[in-house]
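The primary structure of each chain is shown beneath.
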Amino acid sequence: MTAPKTAIVLINLGTPDAPTPRAVRAYLKEFLSDPRVVEAPRWLWFWVLRLFVLPFRPRRVARLYASVWNQDSPIREITEQQTRALGERLGVPVHYAMRYGRPAMRPLLDKLADEGHDQLVILPLYPQYSGSTTGAVADVIAEWMHGRRELPGLTLIRDYWEHPAWVDAMATSIRTFREQHGDADKLVFSFHGIPKEYEDKGDRYGERCRRSAQLIAQHLSLADDEWAITFQSRFGPKEWLQPYTDKSLEAWAGQGVRSVQLVCPGFSADCLETLEEIDAENREVFLSAGGERFQYIPALNADPVHIDALARIVREVLP
Ligand SMILES: C=CC1=C(C)c2cc3[nH]c(cc4nc(cc5[nH]c(cc1n2)c(C)c5CCC(=O)O)C(CCC(=O)O)=C4C)c(C)c3C=C
Ligand SMILES: [Fe+2]
Ligand SMILES: [Fe+2]
(Lines give C-alpha, C1' and ligand atoms only; values in the text may rest on other atoms or scores of the structure.)
(Ligands and ions follow the chains in the order given, each with its own letter.)
Protein backbone atom coordinates (compact mmCIF):
# COMPACT_ATOMS: atom_id res chain seq x y z
CA MET A 1 0.00 0.00 0.00
CA THR A 2 1.17 3.52 -0.73
CA ALA A 3 1.14 6.35 1.85
CA PRO A 4 -2.30 7.88 2.46
CA LYS A 5 -3.16 10.41 -0.22
CA THR A 6 -5.03 13.18 1.53
CA ALA A 7 -7.15 15.97 0.08
CA ILE A 8 -8.90 18.84 1.83
CA VAL A 9 -12.36 19.91 0.64
CA LEU A 10 -13.81 23.30 1.56
CA ILE A 11 -17.59 23.63 1.26
CA ASN A 12 -19.67 26.78 1.22
CA LEU A 13 -23.38 27.33 0.78
CA GLY A 14 -23.60 28.16 -2.92
CA THR A 15 -24.83 30.83 -5.24
CA PRO A 16 -26.50 31.16 -8.66
CA ASP A 17 -24.54 30.75 -11.91
CA ALA A 18 -25.43 34.27 -12.98
CA PRO A 19 -27.26 37.32 -11.59
CA THR A 20 -30.29 36.65 -13.78
CA PRO A 21 -33.86 35.68 -12.77
CA ARG A 22 -33.49 32.38 -14.62
CA ALA A 23 -30.27 31.34 -12.87
CA VAL A 24 -31.50 32.58 -9.49
CA ARG A 25 -34.70 30.60 -9.94
CA ALA A 26 -32.79 27.37 -10.61
CA TYR A 27 -30.57 27.99 -7.59
CA LEU A 28 -33.41 28.89 -5.21
CA LYS A 29 -35.37 25.86 -6.39
CA GLU A 30 -32.54 23.51 -5.42
CA PHE A 31 -31.71 25.35 -2.18
CA LEU A 32 -35.25 25.87 -0.89
CA SER A 33 -36.33 22.32 -1.80
CA ASP A 34 -33.90 20.91 0.77
CA PRO A 35 -35.93 19.81 3.82
CA ARG A 36 -32.94 20.76 6.00
CA VAL A 37 -33.48 24.38 4.93
CA VAL A 38 -37.28 24.58 4.87
CA GLU A 39 -38.86 22.05 7.22
CA ALA A 40 -42.50 22.69 6.21
CA PRO A 41 -44.64 19.64 5.26
CA ARG A 42 -43.37 18.49 1.83
CA TRP A 43 -46.70 18.52 -0.06
CA LEU A 44 -47.55 22.01 1.22
CA TRP A 45 -44.11 23.49 0.57
CA PHE A 46 -44.00 21.87 -2.91
CA TRP A 47 -46.92 24.10 -3.92
CA VAL A 48 -46.02 27.20 -1.90
CA LEU A 49 -42.53 27.20 -3.44
CA ARG A 50 -43.89 26.83 -6.99
CA LEU A 51 -46.89 29.16 -6.67
CA PHE A 52 -45.72 31.92 -4.33
CA VAL A 53 -41.91 31.94 -4.13
CA LEU A 54 -40.36 30.92 -7.47
CA PRO A 55 -42.62 33.08 -9.69
CA PHE A 56 -41.67 36.27 -7.77
CA ARG A 57 -38.54 36.13 -5.64
CA PRO A 58 -35.95 35.38 -8.39
CA ARG A 59 -36.59 38.65 -10.24
CA ARG A 60 -36.06 40.76 -7.12
CA VAL A 61 -33.14 38.71 -5.79
CA ALA A 62 -31.41 38.70 -9.22
CA ARG A 63 -31.30 42.51 -9.06
CA LEU A 64 -29.67 42.30 -5.63
CA TYR A 65 -27.12 39.78 -6.90
CA ALA A 66 -26.37 42.07 -9.86
CA SER A 67 -25.55 44.87 -7.40
CA VAL A 68 -22.74 42.84 -5.76
CA TRP A 69 -21.61 40.66 -8.71
CA ASN A 70 -18.01 41.04 -9.92
CA GLN A 71 -16.59 38.69 -12.58
CA ASP A 72 -18.47 36.03 -10.63
CA SER A 73 -20.55 35.84 -7.45
CA PRO A 74 -18.44 37.15 -4.52
CA ILE A 75 -18.91 33.99 -2.43
CA ARG A 76 -17.51 31.79 -5.26
CA GLU A 77 -14.64 34.19 -6.04
CA ILE A 78 -13.64 34.35 -2.38
CA THR A 79 -13.99 30.60 -1.76
CA GLU A 80 -11.70 30.07 -4.76
CA GLN A 81 -9.12 32.47 -3.28
CA GLN A 82 -9.36 30.71 0.10
CA THR A 83 -8.86 27.34 -1.59
CA ARG A 84 -5.72 28.50 -3.41
CA ALA A 85 -4.25 30.22 -0.35
CA LEU A 86 -4.91 27.27 1.98
CA GLY A 87 -3.38 24.84 -0.54
CA GLU A 88 -0.21 26.93 -0.66
CA ARG A 89 -0.11 27.19 3.11
CA LEU A 90 -0.62 23.45 3.78
CA GLY A 91 1.21 21.90 0.82
CA VAL A 92 -1.70 19.42 0.53
CA PRO A 93 -4.23 19.54 -2.35
CA VAL A 94 -7.21 21.72 -1.42
CA HIS A 95 -10.47 21.76 -3.44
CA TYR A 96 -13.83 23.40 -2.96
CA ALA A 97 -17.46 22.76 -3.77
CA MET A 98 -20.81 24.36 -3.05
CA ARG A 99 -23.70 22.64 -1.25
CA TYR A 100 -26.19 24.15 -3.72
CA GLY A 101 -25.39 25.20 -7.28
CA ARG A 102 -21.91 24.91 -8.73
CA PRO A 103 -19.31 23.52 -8.43
CA ALA A 104 -21.34 20.69 -6.92
CA MET A 105 -20.12 18.36 -4.18
CA ARG A 106 -20.81 14.91 -5.68
CA PRO A 107 -18.71 15.20 -8.86
CA LEU A 108 -15.80 16.49 -6.77
CA LEU A 109 -16.07 13.62 -4.25
CA ASP A 110 -16.22 11.13 -7.15
CA LYS A 111 -13.19 12.68 -8.81
CA LEU A 112 -11.11 12.70 -5.60
CA ALA A 113 -11.99 9.09 -4.77
CA ASP A 114 -11.38 7.93 -8.38
CA GLU A 115 -7.97 9.60 -8.31
CA GLY A 116 -7.08 7.36 -5.37
CA HIS A 117 -7.28 9.80 -2.48
CA ASP A 118 -7.89 7.68 0.55
CA GLN A 119 -8.28 10.42 3.15
CA LEU A 120 -10.66 13.33 2.69
CA VAL A 121 -10.89 16.15 5.21
CA ILE A 122 -14.11 18.09 4.68
CA LEU A 123 -14.36 21.56 6.11
CA PRO A 124 -17.74 23.30 5.71
CA LEU A 125 -16.97 26.99 6.04
CA TYR A 126 -19.68 27.61 8.64
CA PRO A 127 -17.94 28.40 11.94
CA GLN A 128 -21.12 27.58 13.94
CA TYR A 129 -22.81 24.23 13.22
CA SER A 130 -26.51 24.19 12.31
CA GLY A 131 -28.54 21.30 10.94
CA SER A 132 -29.63 23.66 8.15
CA THR A 133 -26.06 24.23 6.91
CA THR A 134 -23.39 21.71 7.97
CA GLY A 135 -26.10 19.08 8.54
CA ALA A 136 -27.12 19.51 4.91
CA VAL A 137 -23.49 19.04 3.82
CA ALA A 138 -23.32 15.82 5.84
CA ASP A 139 -26.44 14.57 4.04
CA VAL A 140 -24.72 14.82 0.65
CA ILE A 141 -21.63 13.02 1.95
CA ALA A 142 -23.79 10.25 3.44
CA GLU A 143 -25.76 9.80 0.19
CA TRP A 144 -22.52 9.78 -1.79
CA MET A 145 -21.02 7.10 0.49
CA HIS A 146 -24.12 5.00 0.08
CA GLY A 147 -23.40 4.61 -3.63
CA ARG A 148 -19.72 3.68 -3.43
CA ARG A 149 -18.05 0.36 -2.80
CA GLU A 150 -14.54 1.56 -1.86
CA LEU A 151 -14.65 4.47 0.56
CA PRO A 152 -11.88 6.86 1.53
CA GLY A 153 -11.32 7.74 5.18
CA LEU A 154 -13.42 10.79 5.93
CA THR A 155 -13.14 13.54 8.51
CA LEU A 156 -15.90 16.11 8.72
CA ILE A 157 -14.91 19.16 10.73
CA ARG A 158 -18.25 19.89 12.35
CA ASP A 159 -17.51 23.46 13.40
CA TYR A 160 -14.75 25.68 14.73
CA TRP A 161 -16.30 28.66 16.51
CA GLU A 162 -14.53 27.68 19.75
CA HIS A 163 -11.15 27.07 18.16
CA PRO A 164 -8.67 29.62 19.59
CA ALA A 165 -7.13 30.15 16.14
CA TRP A 166 -10.47 31.25 14.67
CA VAL A 167 -11.48 33.39 17.68
CA ASP A 168 -8.07 35.04 17.47
CA ALA A 169 -8.44 35.65 13.72
CA MET A 170 -11.86 37.29 14.23
CA ALA A 171 -10.54 39.48 17.07
CA THR A 172 -7.45 40.47 15.06
CA SER A 173 -9.55 41.43 12.06
CA ILE A 174 -11.87 43.61 14.18
CA ARG A 175 -8.97 45.18 16.08
CA THR A 176 -7.14 46.01 12.83
CA PHE A 177 -10.30 47.59 11.40
CA ARG A 178 -10.76 49.72 14.53
CA GLU A 179 -7.12 50.79 14.51
CA GLN A 180 -7.62 52.10 10.98
CA HIS A 181 -11.14 53.54 11.28
CA GLY A 182 -11.63 54.25 14.98
CA ASP A 183 -14.26 52.70 17.29
CA ALA A 184 -18.04 53.08 17.26
CA ASP A 185 -20.70 53.44 19.97
CA LYS A 186 -21.62 49.79 19.38
CA LEU A 187 -19.96 46.76 17.81
CA VAL A 188 -22.72 44.49 16.49
CA PHE A 189 -22.19 40.78 15.81
CA SER A 190 -24.84 39.92 13.22
CA PHE A 191 -25.43 36.22 12.44
CA HIS A 192 -27.62 34.63 9.77
CA GLY A 193 -30.80 33.54 11.55
CA ILE A 194 -32.74 30.27 11.48
CA PRO A 195 -36.43 29.79 12.27
CA LYS A 196 -36.99 29.85 16.05
CA GLU A 197 -38.82 26.53 15.67
CA TYR A 198 -35.55 24.81 14.63
CA GLU A 199 -33.98 25.96 17.90
CA ASP A 200 -37.03 24.81 19.87
CA LYS A 201 -36.63 21.39 18.24
CA GLY A 202 -32.99 21.13 19.34
CA ASP A 203 -30.72 22.97 16.87
CA ARG A 204 -28.17 24.68 19.14
CA TYR A 205 -26.92 27.04 16.43
CA GLY A 206 -28.25 30.14 18.26
CA GLU A 207 -26.38 29.22 21.43
CA ARG A 208 -23.18 28.69 19.42
CA CYS A 209 -23.58 32.16 17.88
CA ARG A 210 -24.14 33.78 21.27
CA ARG A 211 -21.12 32.05 22.81
CA SER A 212 -19.08 32.82 19.71
CA ALA A 213 -19.79 36.56 19.99
CA GLN A 214 -19.02 36.44 23.71
CA LEU A 215 -15.62 34.82 23.10
CA ILE A 216 -14.66 37.42 20.51
CA ALA A 217 -15.89 40.29 22.70
CA GLN A 218 -13.86 38.92 25.63
CA HIS A 219 -10.81 38.67 23.42
CA LEU A 220 -11.25 42.36 22.54
CA SER A 221 -11.84 43.27 26.24
CA LEU A 222 -15.15 44.93 25.36
CA ALA A 223 -17.50 46.02 28.14
CA ASP A 224 -21.03 44.57 28.01
CA ASP A 225 -22.60 47.79 26.71
CA GLU A 226 -20.06 48.13 23.89
CA TRP A 227 -21.31 45.17 21.87
CA ALA A 228 -24.49 43.30 20.94
CA ILE A 229 -25.58 40.21 19.04
CA THR A 230 -28.35 40.16 16.41
CA PHE A 231 -29.74 37.80 13.74
CA GLN A 232 -30.37 38.74 10.10
CA SER A 233 -31.87 37.28 6.89
CA ARG A 234 -35.40 36.37 7.97
CA PHE A 235 -37.33 34.41 5.35
CA GLY A 236 -41.07 33.79 5.45
CA PRO A 237 -43.73 34.79 7.97
CA LYS A 238 -42.63 32.73 11.01
CA GLU A 239 -40.53 33.91 13.95
CA TRP A 240 -36.75 33.59 13.52
CA LEU A 241 -33.97 33.87 16.11
CA GLN A 242 -34.08 37.24 17.85
CA PRO A 243 -33.10 40.03 18.28
CA TYR A 244 -33.38 40.95 14.59
CA THR A 245 -30.57 43.01 13.09
CA ASP A 246 -32.76 45.57 11.27
CA LYS A 247 -35.16 46.15 14.18
CA SER A 248 -32.25 46.52 16.61
CA LEU A 249 -30.48 49.09 14.41
CA GLU A 250 -33.68 51.09 14.14
CA ALA A 251 -34.24 50.99 17.90
CA TRP A 252 -30.65 51.97 18.74
CA ALA A 253 -30.73 54.91 16.35
CA GLY A 254 -33.89 56.09 18.14
CA GLN A 255 -32.17 55.69 21.52
CA GLY A 256 -29.26 57.94 20.53
CA VAL A 257 -26.65 55.44 19.35
CA ARG A 258 -24.78 57.53 16.75
CA SER A 259 -22.35 55.05 15.27
CA VAL A 260 -22.28 51.28 14.76
CA GLN A 261 -19.81 48.79 13.35
CA LEU A 262 -21.28 45.52 12.09
CA VAL A 263 -19.37 42.28 11.75
CA CYS A 264 -20.79 38.92 10.60
CA PRO A 265 -18.79 36.12 12.25
CA GLY A 266 -21.01 33.39 10.78
CA PHE A 267 -19.94 34.21 7.22
CA SER A 268 -16.45 33.08 6.25
CA ALA A 269 -16.77 34.87 2.91
CA ASP A 270 -18.57 38.03 1.92
CA CYS A 271 -21.71 37.30 -0.06
CA LEU A 272 -25.15 38.65 -0.87
CA GLU A 273 -26.15 38.51 2.81
CA THR A 274 -23.25 40.70 3.97
CA LEU A 275 -22.54 42.97 0.99
CA GLU A 276 -26.14 43.74 0.09
CA GLU A 277 -28.32 42.93 3.12
CA ILE A 278 -25.93 44.33 5.75
CA ASP A 279 -23.72 46.87 3.99
CA ALA A 280 -26.52 48.32 1.82
CA GLU A 281 -29.99 47.54 3.30
CA ASN A 282 -29.17 47.69 7.01
CA ARG A 283 -26.92 50.72 6.49
CA GLU A 284 -29.97 52.47 5.04
CA VAL A 285 -32.15 51.30 7.97
CA PHE A 286 -29.72 52.76 10.54
CA LEU A 287 -29.02 56.03 8.74
CA SER A 288 -32.64 56.76 7.91
CA ALA A 289 -33.62 56.14 11.57
CA GLY A 290 -31.20 58.89 12.66
CA GLY A 291 -27.89 57.02 12.99
CA GLU A 292 -24.83 58.96 11.80
CA ARG A 293 -22.11 56.46 10.97
CA PHE A 294 -22.44 52.84 9.81
CA GLN A 295 -19.40 50.70 9.09
CA TYR A 296 -19.34 47.10 7.90
CA ILE A 297 -16.26 45.10 8.92
CA PRO A 298 -15.57 42.64 6.06
CA ALA A 299 -15.65 38.86 6.52
CA LEU A 300 -12.30 37.11 7.04
CA ASN A 301 -12.34 36.09 3.34
CA ALA A 302 -8.84 35.17 2.11
CA ASP A 303 -7.08 37.35 4.68
CA PRO A 304 -3.83 35.67 5.84
CA VAL A 305 -5.10 35.62 9.46
CA HIS A 306 -8.06 33.52 8.25
CA ILE A 307 -5.93 31.19 6.14
CA ASP A 308 -3.54 30.69 9.09
CA ALA A 309 -6.47 29.83 11.34
CA LEU A 310 -8.00 27.38 8.83
CA ALA A 311 -4.57 25.79 8.33
CA ARG A 312 -4.26 25.21 12.09
CA ILE A 313 -7.78 23.78 12.29
CA VAL A 314 -7.14 21.38 9.40
CA ARG A 315 -3.62 20.37 10.51
CA GLU A 316 -5.01 19.07 13.80
CA VAL A 317 -7.01 16.40 11.97
CA LEU A 318 -4.54 15.51 9.21
CA PRO A 319 -3.38 11.89 9.37
C1 LIG B 1 -35.32 29.67 4.08
C2 LIG B 1 -34.53 29.31 5.04
C3 LIG B 1 -33.10 29.61 5.21
C4 LIG B 1 -32.34 29.11 6.25
C5 LIG B 1 -32.79 28.22 7.39
C6 LIG B 1 -31.02 29.61 6.06
C7 LIG B 1 -29.93 29.36 6.91
C8 LIG B 1 -28.64 29.81 6.71
N9 LIG B 1 -28.09 30.38 5.57
C10 LIG B 1 -26.76 30.69 5.79
C11 LIG B 1 -25.88 31.31 4.88
C12 LIG B 1 -26.23 31.92 3.68
N13 LIG B 1 -27.51 32.09 3.20
C14 LIG B 1 -27.46 32.76 2.00
C15 LIG B 1 -28.54 33.10 1.20
C16 LIG B 1 -29.86 32.71 1.42
N17 LIG B 1 -30.39 32.09 2.53
C18 LIG B 1 -31.74 31.83 2.34
C19 LIG B 1 -32.61 31.14 3.20
C20 LIG B 1 -32.24 30.43 4.38
N21 LIG B 1 -31.00 30.38 4.94
C22 LIG B 1 -32.08 32.33 1.03
C23 LIG B 1 -33.45 32.23 0.41
C24 LIG B 1 -30.91 32.85 0.46
C25 LIG B 1 -30.75 33.40 -0.96
C26 LIG B 1 -30.95 34.81 -1.12
C27 LIG B 1 -32.41 35.18 -1.00
O28 LIG B 1 -33.24 34.70 -1.78
O29 LIG B 1 -32.68 35.93 -0.06
C30 LIG B 1 -26.08 33.04 1.69
C31 LIG B 1 -25.56 33.87 0.50
C32 LIG B 1 -25.31 33.12 -0.79
C33 LIG B 1 -24.81 34.00 -1.91
O34 LIG B 1 -25.05 33.63 -3.05
O35 LIG B 1 -24.18 35.04 -1.72
C36 LIG B 1 -25.32 32.51 2.73
C37 LIG B 1 -23.82 32.49 2.84
C38 LIG B 1 -26.46 30.27 7.11
C39 LIG B 1 -25.08 30.42 7.76
C40 LIG B 1 -27.61 29.72 7.68
C41 LIG B 1 -27.87 29.12 9.00
C42 LIG B 1 -27.07 29.00 9.98
FE1 LIG C 1 -29.31 31.54 4.21
FE1 LIG D 1 -30.93 38.06 2.81
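Since this is a predicted model, take the numbers as computed values, not measurements.

What to know about the overall build of the chain
Phase 1 of the analysis: Regarding its fold elements, the chain presents twelve helices and eight strands.
Phase 2 of the analysis: For the chain, the residues scored as buried account for 41% of the 319 residues in total.
Phase 3 of the analysis: When contacts within the chain are restricted to residue pairs at least 6 apart in sequence, those whose partners lie at least 24 apart make up 81%.

Structural notes on the site of ligand 1
Phase 1 of the analysis: Neighbouring ligand 1 are 23 residues; T15, H192, F235, C271 and L272 lie closest to it.
Phase 2 of the analysis: For the shell around ligand 1, the secondary-structure elements that each account for two or more residues are strand 1 (6–15), helix 3 (57–68) and helix 11 (272–288).
Phase 3 of the analysis: Residue composition of the shell around ligand 1, by class: 13 nonpolar, eight polar and two charged.
Phase 4 of the analysis: Residue assignment places the shell around ligand 1 across two domains, with domain 1 (6–160 + 304–315) and domain 2 (164–297) each supplying three or more.

Things to note about the pairing of strand 5 (residues 186–192)
Phase 1 of the analysis: In terms of residue burial, strand 5 counts as a mostly covered element, since seven of its seven residues are buried.
Phase 2 of the analysis: On strand 5, burial covers both faces: K186, V188, S190 and H192 on one face and L187, F189 and F191 on the other are all buried.
Phase 3 of the analysis: Bridge analysis of strand 5 against strand 7 (residues 259–263) gives four bridges, and the strand direction is parallel. Considered in strand 7, the bridge of L187 is made with Q261.
Phase 4 of the analysis: When strand 5 meets strand 6 (residues 227–232), the two strands line up parallel, connected through six bridges.

Looking at the domain arrangement of the chain
Phase 1 of the analysis: As far as domains go, the chain holds domain 1 (6–160 + 304–315) and domain 2 (164–297).
Phase 2 of the analysis: The distance between the C-alpha centroids of domain 1 and domain 2 comes to 23 Å.
Phase 3 of the analysis: Taken together, the contact pairs 26 residues of domain 1 with 22 residues of domain 2.
Phase 4 of the analysis: Breaking the side of domain 1 that touches domain 2 down by element, the ones donating at least two residues are helix 3, helix 4 (74–90) and helix 12 (304–315).
Phase 5 of the analysis: Here the side of domain 1 that touches domain 2 is built from residues that sort into 14 nonpolar, nine polar and three charged.

A word on the sheet that holds strand 4 (residues 153–156)
Phase 1 of the analysis: Read from one edge to the other, the open sheet built from four strands follows the order 2-1-3-4, with strand pairing classed as parallel. Whereas interior strands pair on both sides, the edge strands pair on one side only; in this sheet they are strand 2 (94–101) and strand 4. When the angles between neighbouring strand axes are averaged without regard to direction, this sheet yields 25 degrees.
Phase 2 of the analysis: Note: strand 1 against strand 3 (residues 119–124), six bridges, orientation parallel. Across the sheet, L10 pairs through a bridge with L123, a residue of strand 3.
Phase 3 of the analysis: Against the sheet, helix 4 touches strand 1 and strand 2, its axis set at about 165 degrees to strand 1.

What to know about the nonpolar core
Phase 1 of the analysis: Judged by nonpolar contacts, the single largest core of 82 residues is most densely connected at I8, V9, L10, I11, V260 and L262.
Phase 2 of the analysis: Two domains each provide a minimum of three residues to this core, namely domain 1 (6–160 + 304–315) and domain 2 (164–297).
Phase 3 of the analysis: With near-sequence residues (within four places) excluded, V260 lies in contact with A184, D185, K186, V188, L249, W252, F286, G291 and F294.

Section: the packing of helix 10 (residues 245–254) against helix 11
Helix packing for two helices is described by the angle between their axes and how far apart those axes are.
Phase 1 of the analysis: Close contact between helix 10 and helix 11 brings their axes to 8 Å; oriented N to C, the two are set at 25 degrees. It follows that helix 10 is roughly parallel to helix 11 by the angle criterion. With respect to the hand of their crossing, helix 10 and helix 11 are arranged in right-handed fashion. For the pair helix 10 and helix 11, the contacting residues are T245, D246, L249, E250 and A253 in the first and N282, V285 and F286 in the second.
Phase 2 of the analysis: When its residues are assigned to classes, the contact of helix 10 with helix 11 shows four nonpolar, two polar and two charged.

Thresholds applied
Residues numbered from 1 in each chain as written. Chains lettered and ligands numbered in written order. Predicted model: local features only at pLDDT ≥ 70, side-chain atom pairs only at ≥ 80, totals over all residues. Helix = DSSP H or I, 4+ residues; strand = E, 2+ residues; numbered from the N terminus. Buried ≥ 20, exposed ≤ 12 C-beta atoms within 10 Å, placed from the backbone. Contact = placed C-beta atoms within 7 Å. Near = placed C-beta within 6 Å. Nonpolar A, V, L, I, M, F, W, Y, C, P; charged D, E, K, R; others polar. Domains from an automatic or database assignment. Pairing = 2+ DSSP bridges. Axes fitted to C-alpha atoms, helices over the stretch in contact; angles between N-to-C directions. Core = buried A, V, L, I, M, F, W, Y, C linked by C-beta atoms within 7 Å. Parallel < 35°, antiparallel > 145°, perpendicular 65-115°, else oblique. Left-handed = near helix turned anticlockwise from the far one by under 90°.

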